[in-house]
Structures are given as C-alpha cells and as structure tokens.
Amino acid sequence: MTGGLPCRSNKPQPRFEIAPPRVQATLGNAPFRATYLPDGGKSAEFYRDGCAYVLRFPDLADFHISADARQMTGVPAPGVSAATLRHLYRNQALPLAAAHRGALVFHAGAVEIDDGAVAFIGASGRGKSTLVASFGARGFRPLTDDALTLAPCGDDVAATPGDAAIRLWADSRAALGLDNAMADSPLPFTAKARLSDTPWSFCNAPRPLRAAFVLGESAPRVVCGRLTARESLMEWISHALLLDTQDRVLIDAHFARVAALATRTPCYRLDYPRRFAALDQVVATVLSHARGSAP
Amino acid sequence: MTDARFKIPPQVSARALGDEMVLLDLAGGVYFGLDSVGMRIFELIGDGRSMAEICDRLFAEFESDRATIEADAAALIRDMVAHRLIEPCAQ
C-alpha cells in the first residue's frame, strides 16, 4: 500500500532535441529487429549505432537514442508534420527509452478506479482504446490508451500517465458520443482519430496498479477469469516493450521485475462480445473484479 | 533415452511462481510455461539426473502410472530441447 503518499516516477524523461528534416539514408548495418503493423506493414526498425541505437519509422522519422537512453534526437523525414513527430516520440520512442532505463512498459491501456488503476493488456486491435474511452465516458479518468509505464511506488507499482489523448476508429467515436470531439491533426500511418479534447479529463498522476485484464478474443458473453501467476507472467512478457532485445543482462533483469509484478498483481483474462452494447456489462465486470466484489 | 542426461544452457533464465515456472531463452526471446510436474522435471534436469532417475522421482512424488509419467516426461523434454531450453549432455 502507498499509505496515501503520492506515487512518483523515478525515471526522468530523456533530453530530447529535434534536428532539421532529413531524407532517411540507408544505414550502415542491418536492423537487429523490426516491428510490424496489424496489416503486415513495417512499423519500425531498430538499428545499432555503436553502443547507441537508431529507431527508424520508415518514411516518417529516425530517433537517435543514446546508449543509456537519456538523450534522444528526433529527425523527421521531409514533409512530416510536427504533430506526427511528437506522436511518435510520446507513444513509441519515449516508452522504449523508459524501458531501456529500467521501467516496465507494456502494450496496455490504463484507467483510474477509486484510489488506484487497472490495466488492459492487449495487442493492437484488441479494443484497448475503446475500453479505456468507455471508462472515461463513465467518469473514470484514463491514464493511457496504448503504452503503459509502471514505476515503483512504495510496495506497489504505479501506472503512470501517458500521452493525454486517445486514438479511436470512427465507429468507436460514434458509439461513445465523441463525434463532436475535435480530432487532432491526422496521423499519416493510421485512420484512427487522435482525440485530446475529450469531454472527460485524463488522470495526470501515477496511481497504484490494483489489477490487470488481458483482453481476449471476442466471445458470445462476458467472461472474466483469474490467471495463475505463470499465465500472468507470460501475458505481461508477451506484451512488454523493450528497446534492445539482445542484451541478455538487461532482459534477465526485466524478466525478474515482470515476474515480481505478475506475482503481486491480480491478473484476469477478459473475453467479451465486441459489441458497443456490451460495454456497460464489460465495465461493470471490470469494476467488480478491481474492487474485489466479484462473485 | 533412459540414461540420457540434459543440461540447462546459460542463456536460459527460470522464474518460479509458486509451484509453476516460466523459462525464458535470453538469446531467442522464447518463453515457456511449466506446470508443477514440468517444473519438477526442469529442477531434476538441473540437478543432473538421468531420464530414468527423473521418472523414478516423479513416480514417487506424483500420483500417476509409470507409463504415463515416462511418456509425458519424454514429450516435455523433446519440446524443451526443440525450443533450446535444455540440451543433451555429451555421453
């Protein structure tokens, strides 16, 4: 428990500079890793530059990250907007840098419930943003919709606020009554609208993580079951963000921290119909489990 | 197979969570969950036990027939070898 003390992240943000736009030249070595979009397109490439790193978003931007991930330089490709560069920095480069400095970072959304937070773990397309927005619309402030950073908080871990915006497909916007919310500048790599001007506010302080929910497949009805610590660890690991997936010492230390997280944080698998009409019941199910009042 | 022994490569990290375990191959990024029986097999492999000795211990510790234990242990060991989470010792 936190004893009522505020939780703070002990991981300061890296020094970030923006360089003038530059055409992305072929780098001297092959990427040691790449990530892909749900449609199979390449999302990002990871290169080594001596002991440092280059995170490349093809045709969009390069981020040069120092070996200790405390300094970063963003280099937009010609014609890429400041909004796109900012989005890639906040939602991709910054979480990866935090992970490299020892934070636990996951593909997950999170919302504030009572004095704590709950996380929704899931790959792209599993409905994290829609669920987070559903809680927002019901008065539970979102912390993040896609990249969750956890920081030590007394005997707990705290979910820390991410980018104060949410990205939604048009059908989710309509179903959640966000048609009239002003969308930010469109991003060139997604048809989702980025909404920072929402009718509800975002939580701007870390909150102790009380529970996590792994978003499963669409199901005929809402089913929520507790995972074992082993199952929980495997889910957390499979959704973790890491900058350097080849540094064995770093990975082993990360594995130990995630194991501790899995041991002390209740984790549930949540299967539910992907119908907007079911969201009331999904929210109620999450609340009852997070508050310990589930049957 | 009964005299075969296996070893845990240095790049494999293991975390016990109660009576279950998760293995992570730090080189390949492969992770692998073990239930209580699988965790015991992995522990006995780490102790340097042969396949026959592992089955003897499992037969003494778990309520199952010998044939099932031998088949399940062999299948798990084959699976872990395939995922490079253990490797055969030189005879």
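Described below are features of the structure shown in this document. Quantities reported herein were computed from a predicted structural model and do not represent experimental measurements.

### Remarks on the pairing of strand S3 (residues 20-25) of chain B
Residue and element names in this part refer to chain B. For S3, the tally of buried residues reaches six of six residues, placing the bulk of the element in the interior. Of the two faces of S3, the one lined by Glu 20, Val 22 and Leu 24 and the one lined by Met 21, Leu 23 and Asp 25 are each fully buried. Relative to S3, strand S2 (residues 12-17) runs antiparallel, the two being bridged by six bridges. By the bridge assignment for S3, Arg 15 is matched with Val 22. The turn linking S2 back onto S3 is made up of two residues, and Gly 18 within it adopts a positive phi angle of 65°.

### Side note on the sheet that holds strand S4 (residues 31-34) of chain B
Residues and elements named next belong to chain B. Pairing within the open sheet is antiparallel, and its three strands lie in the order S2-S3-S4. Among the strands making up the open sheet, the edge pair consists of S2 and S4. When strand polarity is set aside, the average angle formed by the axes of neighbouring strands in this sheet is 20°. Across four bridges, S3 lies against S4 in antiparallel orientation.

### Details of the sheet that holds strand S4 (residues 52-57) of chain A
All names here are of chain A. Strands sit in the order S1-S6-S5-S4-S3-S2 across an open sheet of six strands; the sheet is mixed. Two strands lie at the open edges of the sheet, namely strand S1 (15-18) and strand S2 (33-36), each paired on one side alone. Across the sheet, the axes of successive neighbouring strands diverge by a mean angle of 20°, strand direction being ignored. For S2 and strand S3 (residues 42-49), the ladder comprises four bridges, and the chain directions are antiparallel. Counterpart to Arg 33 in the pairing with S3 is Phe 46. Helix H1 (residues 82-100) contacts S1, S3, S4, strand S5 (61-65) and strand S6 (71-76) of the sheet and is inclined by roughly 30° relative to S5.

### Quick notes on the pattern of salt bridges
Residue and element names in this part refer to chain B. Using the criterion set out here, one finds 25 salt bridges over all chains in the structure. A salt bridge links Glu 87 to Lys 7, with the nearest nitrogen and oxygen atoms 3.9 Å apart. With a gap of 80 residues between them, Glu 87 in strand S5 (residues 87-88) and Lys 7 in strand S1 (residues 6-7) connect regions that are remote in the sequence. Since its relative accessible area comes to 32%, Glu 87 is described here as partly exposed. A residue is classified by how much of its surface remains accessible, and Lys 7, at 40% relative accessible area, is partly exposed.

### Notes on the interface of chain B and chain A
If you look at the interface, chain B gives 17 residues, while chain A gives 15 residues. Of the roughly 1,400 Å² buried where chain B meets chain A, counting both sides, 71% is carbon and sulfur surface. Connecting chain B to chain A are two salt bridges. In this structure, Glu 20 of chain B engages Arg 230 of chain A in a salt bridge whose closest nitrogen and oxygen atoms are separated by 3.3 Å. One can count four residue pairs in polar contact (both at pLDDT 80 or more) joining chain B with chain A. Of all the secondary-structure elements, those providing two or more residues to the side of chain B that touches chain A are S2, S3 and S4 of chain B. With five residues, S3 of chain B is the largest single contributor of residues to the side of chain B that touches chain A.

### Let's talk about the environment of Asn 204 of chain A
Residues and elements named next belong to chain A. Within the secondary structure, Asn 204 is located in the loop between strand S13 (193-195) and strand S14 (207-218). Judged by its relative accessible area of 66%, Asn 204 falls in the exposed class. Taking the C-alpha atoms as reference, Asn 204 lies 8.1 Å from Ala 164; in sequence the two are 40 residues apart.

### As for unusual backbone geometry
Although it is not a glycine, Asp 59 of chain A adopts a positive phi angle of roughly 70°. With respect to the secondary-structure elements, Asp 59 of chain A resides in the loop between S4 and S5. On the accessibility criterion, Asp 59 of chain A (63% relative accessible area) is exposed. The phi dihedral of Arg 84 of chain B is positive, around 60°, even though this residue is not glycine. For Arg 84 of chain B, the location among the structural elements is in the loop between helix H3 (66-82) and S5.

### A short note on the state of the cysteines
Counting across every chain of the model gives zero disulfides over all chains. Cys 224 of chain A supplies the cysteine sulfur nearest to Cys 267 of chain A, a cysteine that is in no disulfide, at a spacing of 9.5 Å. With a relative accessible area of 1%, Cys 267 of chain A lands in the buried category. Cys 89 of chain B carries a free sulfur, and the closest cysteine sulfur to it, the one in Cys 55 of chain B, is 16 Å from it. For Cys 89 of chain B, a relative accessible area of 25% translates into the label partly exposed.

### Structural notes on the side chain of His 254 of chain A
Residue and element names in this part refer to chain A. With respect to the element layout, His 254 can be found in helix H5 (residues 248-264). By relative accessible area, which is 3% here, His 254 ends up buried. Each residue touching His 254, except ones within four places of it in the same chain, is listed here: Leu 104, Ile 237, Ala 240 and Leu 242.

Parameters and conventions
Each residue is numbered by its place in its chain's sequence as written, counting from 1. Starting at A for chains and at 1 for ligands, labels are handed out in the order in which the entities are written. Totals for whole chains, interfaces and linings use all residues, but because this is a predicted model, local features are given only for residues with pLDDT of at least 70 and pairs of side-chain atoms are given and counted only at 80 or more. Computation of side-chain values covers all heavy atoms of the structure but excludes hydrogens and water. Think of it in three bands: with a 1.4 Å probe and only protein chains considered, a residue is buried below 20% of the maximum accessible area for its type, exposed above 50%, and partly exposed in between. Helix and strand definitions here come from DSSP, where helices need a minimum of 4 consecutive H or I residues and strands a minimum of 2 consecutive E residues; each element is numbered from the N-terminal end. If DSSP finds at least two bridges between two strands, the strands pair. What counts as an axis is a line fitted to C-alpha atoms, over the stretch in contact for a helix, and the angles between N-to-C directions run from 0 to 180 degrees. Throughout, a residue-residue contact means that at least one pair of heavy atoms, one from each residue, lies within 4.5 Å. Note on definitions: salt bridges are taken to be side-chain nitrogens of Lys or Arg within 4 Å of carboxyl oxygens of Asp or Glu. Accessible surface is computed with a 1.4 Å probe, and the buried area is the amount of it that two parts give up when combined, taken over both parts together. Counting of polar contacts relies on pairs of N or O atoms within 3.5 Å, with two restrictions inside protein: one atom must be capable of donating a hydrogen and the other of accepting it, and residues adjacent in sequence are counted only when both atoms are side-chain atoms. Pairs of cysteine sulfur atoms within 2.5 Å are what we label disulfides.

So, to be careful, I would describe these as geometric facts and stop short of saying anything about function.
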